[in-house]
Each structure stands twice: as C-alpha cells, then as structure tokens.
Amino acid sequence: MAASVARGDCSEAALAAALADVPELARLLELDPYLKPFAPDFQRRYKRFNETLNNIGENEGGIDKFSRGYESFGVHRCADGGLYCKEWAPGAEGVFLTGDFNDWNPFSYPYKKLDYGKWELYIPPKQTKSLLVPHGSKLKVVIRSKSGEILYRISPWAKYVTREGDNVNYDWIHWDPEQPYKFKHSRPKKPRGLRIYESHVGISSYEGKIASYKHFTCNVLPRIKDLGYNCIQMMAIMEHAYYASFGYQITSFFAASSRYGTPEELKELVDTAHSMGITVLLDVVHSHASKNSEDGLNMFDGTDSCYFHSGPRGNHDLWDSRLFAYSSWEVLRFLLSNIRWWLEEYGFDGFRFDGVTSMMYHHHGMGQAFSGDYHEYFGLQVDEDALIYLMLANHLVHMLYPDSITVAEDVSGMPALCSPISQGGVGFDYRLAMAIPDKWIQALVGDKTLAFWLMDAEMYTNMSVLTPFTPVIDRGIQLHKMIRLITHALGGEGYLNFMGNEFGHPEWLDFPRKGNNESYHYARRQFHLTDDDLLRYKFLNNFDRDMNKLEERCGWLSAPQAYVSEKHEGNKIIAFERAGLLFIFNFHPSKSYTDYRVGTTSPGKFKIVLDTDAAEYGGHQRLDHNTEFFSQPLRHNERPCSLLVYIPNRVGLILQNVDMPN
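Soluble globular proteins tend to pack their nonpolar side chains together in the buried interior. Tyr 307, Trp 342 and Tyr 389 are the most contacted members of the largest nonpolar core, which totals 167 residues. For this core, the element with the highest residue contribution is helix α9 (residues 384-400), accounting for 11 residues. Val 598, Ile 608, Ile 647 and Leu 653 belong to the second-largest nonpolar core, a separate cluster that totals 17 residues.

The following block contains the structure:
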C-alpha cells in the first residue's frame, strides 16, 4: 500500500527519528495520540531551540550571561565614577549621548562603533569626584541616520521615563538613587492551586484619578490577602505612553510606569505582597510594541527595522503596532534580558505573556476561527521564530527560579503549549482560557461588567439592604455567585478574577480618552461599596472570600479534572465531583427539587461546606447546614453510589464526605 503524503502524516521512520531527538516526546504522544502525525514538527522545533541555545552558549558564554544585557547596554555608573554607555543601532551613521550633564550639546560625546551594529562610550569621571550624571537628570541618545537626519531618542534600555507637565512625549530620567530599595522578604513558594487577582494599579482607587503604587500597597494588598487570593497579576506596569491602551502599547520595556510612582515604590509593593505570601506575576508584552519613535523603540536607529521586521511583516494592522524580529540575535538578547530584569530587579515571580496567539502565527490570529483541527497549529502559518523565543523565555525563567510561573494568553488552542520543552512543548505552566470569560460576556474594556449585565441600572437604586429584593437584583446576586463558583471549580487548574468583580463591581471600565472627554469616572474601582454595611455588595465579597478559603483547604484547582455526572438541560442541574467534593448547581429560575438523586464515588455521610444561598452571601437560607446527606451504594449516572438532596433554584452548593479522610 502506498504511504500517505497528506500534510500532517509522517512515516514510521520519521516518527522514530522524532522520538529519538526529543527526549520525552513519547510521553506527549501517549497523552495525545492524535499528535503523532505531527511528530516531525515537534522534532524540528526542539532541534531549533537546542541549536539556538547552543549558539548562545558558544558565542555569548551561555543564556545566563546573554540575558544580562541590561548590565552593559544603556547607561551605567562605573566604579571609578565614570560612565559606560552601550547601544545597538545597526542603521546609524553616528551615535552620541547628550543631556543635562553637558548642557544638551548633541555631539560632544560620540560613541565608538563596534562590530555587529553596536556602539559604546566611556566618559571618565570628573576631577571633583562628583557624579558625572546625577540621579534624576535627563538624557537622550542622539542618532545620526544614514540620510544625515539627527534624531533624539530614549535608550531602549532606559530604566525610568516620565512626562513633565503637559508634555506629550516622555523624558528619559537617569535612575541611580543613592539608597535603592532593598528587599526584606523572600519569594513565596509556588502555590499548589493558583488563585489570581488581576490588578491594574492606576484604577485601584475609588477616586477619579490615577492611583499610585503606594495606594495599592497600603489599601488593595490587604483586601487581596483577606479575600484568599495567593497571586496577583499586575497589568500596565511596563511603561506605555497611552494610558487608555490598558498597558498594551509598550514604549520603554525596562521602565516601570512612572504614572503610578517610582521604581522603588513598585519594589516595595512586590516585597509587601511577598510578606503576605502572595505570588506576583507581571503582564509582559513581548508580542508587539508601540509605534512611537520619539519615546519608543520604533525607528530607533533611523530605519524601520532594528528591533522589528522591516516592511509589512513588521506591522500589526489591527493593533497599529510594531512586531519584533524574533530571529534577530540582538532582539533575543533584548527580550530575554527584559524577562530577567523584571525577575531580578523587581522581584516578580513570573509572567503572563500577552498576545501569545498573535506571536505564534504569521496571520496573528486575525480573521481566524480556530476549530481545533490540528492542521491549524502546524505548517507554514506558524511563526517558529516566535515559538523558539517563547521556549527560550520559559527555559530561562524556570532555570533562574524553578518556582516561577508562566502563563500564556492563547485563544487558538495550540497543542503542547503547556507541555515541558523536553516533550517538544513550549514550556508554559498555564494557558489563560479566554473562552470561559467570553461565555459569561465578561468583557473588560468598553463593555459592562458581569454584575452590570445581570442587574444593570437597578444597581444604582436597589442594592440597599434596607429595601426588599427586586427580581432583577435577586436573580443577579444569586447567578453572580453561581457563575464564579462553577468557573472556579470546573474551569481548569487556576482561577483568575479581575479586580472588583469579586463584589460585583457596577458599570464598566473605560479609560480617559477623547470619546469620553478624558474622564476618569469609569477608570476606577469602587471598593468603598463593599465596605458599606448597608449595601448588598458585601454579600458577594463575603462569598468570594469563603470560596477561595475553601479551595485553599480542599485544593480542587490542583486536583485532577472533575467528573461531571449530570448536566440536565431540562432540570438545569449540573453535578460533578472534584477533590473529594460534590458540587451541585441548580440554574433553574423557579424550580427547586426535593430528594434529587445525585451520583457520588463513595458511600458515607455528607455535609454542606459551601452554600450560595446562605444569609451571609445575600441568599434566602433555604438549606439547613445541620442536615446530613447519606450516600448509598446505589448506582446513578455512572457513579457507584448516590444520595438524595434538596437543591433550591438558583443555588450552588458543595458537599463533603465527612466519613472520608481529608
């Protein structure tokens, strides 16, 4: 019989070769046999990763040294009081340093040209021994382009940039404090179940203004700890010129955003979180960069390439931004050093990589409806340069700090994205399952919150405990708890909540822009609502806290996936088991059920451990928590045992077998 030559098929010899080259590929193919036809793709990716890693070793002394680019590139004070400066500007005819220190003379300090487009400058110390470039002074790199144009640029390695007054562009500020912040607390251990509180410092105040790192440290961190979250994902930290971009149009990759405060104050925030046992992840944006040239990476050396692909390939049409040339040696140095910088300098414990879908495909996911057909994830549409970069980044992070966490924001479903590199995977710890929040219409920008979709305008008038429940508020509060619980328990191996949703934040999120007259009214979080004992927001907040605390105790996020024994469309009942717990949901708008039979794994006595209908959660107290439910060896829904329960409408509850050891 003739061998098939269809794309995605591979011969026995090709499969054997792939298994020989990729150490643990057999384990991946055992987990998912449908990947066998694509074994040569995993082989090629793994070989390219190893070749790049070996090249870094031969030419740079290893990835450890290679990822310390920030120690030489940029501007640095030397031990003798002089200044050492280094840049990569392959398209430049000349490079100079200017600033406050030389009265802005553009050409008095020329860099010396080195090989491979690099330039360096050493300025000897002053005879007076005073600092040549004092902390807080302004600097600029001056580029003479090949066309003779003189360009004033911010170093790509700048550690602090800020705006003064009404200035449109950022200024590069030399950050070299006499007493830098010293971390006092060690990093927390990797959580067994990840409960993430997604945070944006700027909107963390109820006031209509940009909140600060200090405000977040003093006022929001204690809330996060009290709610039982063990991880924070920090958005919009890498400096971005346009606030309304939500932090996704980065201009200075090594600079913590100055709009919230100083680098030292961000370090204090991370350190304080660590003192509470909270892991801190950074939203890292290596999928694209701002098109700004005056205060961004674009056109740094006067060409449209440098850090990016030239021509159309270097532009993301939908995001109106620039795309990195991931195969470039110096781009790899820049991005890997950037990863290390945030780990080492600021103490972050890992990353949520933004826009991974855009990175992995030449089509960037635009106009693509991924069906799950495996052919969509292999072949010429895949940008393997970007894939190799992501493998290198994951390798570096886990090499430096084995307890670090990496999360991929991918909506395509790329197979093996979260498999170890040794299996031919990309090496992420988690994939952000964006499809789940979409099921609940949970948009973040330009749309209403889930609570507002459920309760809308009545949240302004009927959230007081002094007024009777209206049907809309009652329905909204009960469903809001059920939606969060079923997502928490059934959604995957981690849970992510965007700040404010834990108490049913009203309205929507919208940053100041021309379309809303530069208003901050919706760019804030109204935490004071949950602190008001006369408002019903406290019930939702209480439930979120107890849900997280129960997960901490029982560990369903780190347990194997749930077995769903019932999903009855007519009855609106969903029942499943996970981590030794029995979860039962009645989504019916009006029907309550007495003696409803639910399947279980084992016999024994069950008790209620969480009930969305409890009084402290704004429920109707229809369940007696002293009730004992007895599971008998009566088979039901493919489960060897079953029990009878009373399950009111719009209620989710968790039962625990008290006869079973914890």
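Applying the stated criterion across every chain, the model contains 42 salt bridges. The partner of Arg 340 in a salt bridge is Glu 344, and the shortest N-O contact between them spans 3.1 Å. Of this pair, Arg 340 and Glu 344 both sit in helix α7 (residues 329-344), separated by four residues, roughly a single helical turn. A relative accessible area of 32% means that Glu 344 is categorised as partly exposed. One continuous salt-bridge network, built from bridges that share partners, spans Asp 41, Arg 44, Arg 45, Arg 48, Glu 384 and Asp 385.

With that settled, the discussion passes to the environment of His 364. Along the chain, His 364 falls in the loop between α8 (356-360) and α9. Classification of His 364 as buried rests on a relative accessible area of 17%. Measuring from C-alpha to C-alpha, the distance between His 364 and Met 399 comes to 29 Å, with 35 residues separating the pair along the chain.

On to the pairing of strand β1 (residues 74-77), then. Here β1 pairs with strand β2 (residues 83-88) via four bridges, running antiparallel. Looking at β2, one finds that Gly 74 is bridged to Lys 86. Hairpin connection of β1 to β2: five residues between the antiparallel strands, including Gly 81 at a positive phi of 95°.

Reading across from one edge, β19-β18-β17-β14-β11-β10-β20 is the order of the seven strands in this open sheet, with parallel pairing throughout. The two strands at the open ends of the sheet, each matched to only one other strand, are β19 (430-432) and β20 (494-498). Between one strand axis and the next, the sheet turns through 25° on average, direction left out of account. The pairing of strand β10 (residues 194-200) with strand β11 (residues 231-235) spans five bridges and is classified as parallel. Looking at the pairing, Ser 199 lines up with Met 234 of β11. Lying on the sheet, α7 is in contact with β14 (279-284) and β17 (350-353); it crosses β17 at an angle near 135°.

By the definition in use, this model includes 48 aromatic pairs. Seen in terms of ring centroids, Phe 254 and Phe 334 are 5.4 Å apart; in terms of plane orientation they differ by 70°. Their pairing is edge-to-face. Of this pair, Phe 254 sits in strand β13 (residues 250-256) while Phe 334 is found in helix α7, placing the two residues 80 residues apart along the sequence. The two residues Phe 254 and Phe 334 agree in class, both being buried. Across from the ring centre of Tyr 346, 5.4 Å away, lies the NZ or CZ of Lys 267, which sits over that ring. Note that Lys 448 overlies the ring of Trp 453, its terminal NZ or CZ placed 4.2 Å from the centroid.

The side chains of a regular strand alternate, residue by residue, between the two faces of the sheet. With six of its six residues buried, strand β23 (residues 581-586) lies for the most part within the structure. As paired elements, strand β22 (residues 573-578) and β23 share six bridges and run antiparallel to each other. Note that in β23 the partner of Ile 573 across the bridge is Asn 586. Taken together, the six bridges between β23 and strand β28 (residues 651-657) define a ladder with antiparallel strand orientation.

Before going further, it helps to examine α7. For α7, built from 16 residues, the straight-helix expectation of 22 Å at 1.5 Å per residue is met to within 8% by its first-to-last C-alpha distance of 22 Å. Within α7, 14 of the 16 residues are buried, which leaves the element mostly enclosed by the surrounding structure.

Rules used in this analysis
- Residues numbered from 1 in each chain as written.
- Predicted model: local features only at pLDDT ≥ 70, side-chain atom pairs only at ≥ 80, totals over all residues.
- Heavy atoms only, no water.
- Core = buried A, V, L, I, M, F, W, Y, C linked by side-chain atoms within 4.5 Å.
- Buried < 20%, exposed > 50% of the residue type's maximum accessible area, 1.4 Å probe, protein only.
- Helix = DSSP H or I, 4+ residues; strand = E, 2+ residues; numbered from the N terminus.
- Salt bridge = Lys/Arg side-chain N within 4 Å of Asp/Glu carboxyl O.
- Pairing = 2+ DSSP bridges.
- Axes fitted to C-alpha atoms, helices over the stretch in contact; angles between N-to-C directions.
- Contact = heavy atoms within 4.5 Å.
- Phe/Tyr/Trp six-rings, centres within 6.5 Å; stacked < 30°, edge-to-face > 60°.
- Lys NZ or Arg CZ within 6 Å of the ring centre and 35° of its normal.
- Expected span 1.5 Å × (residues − 1).

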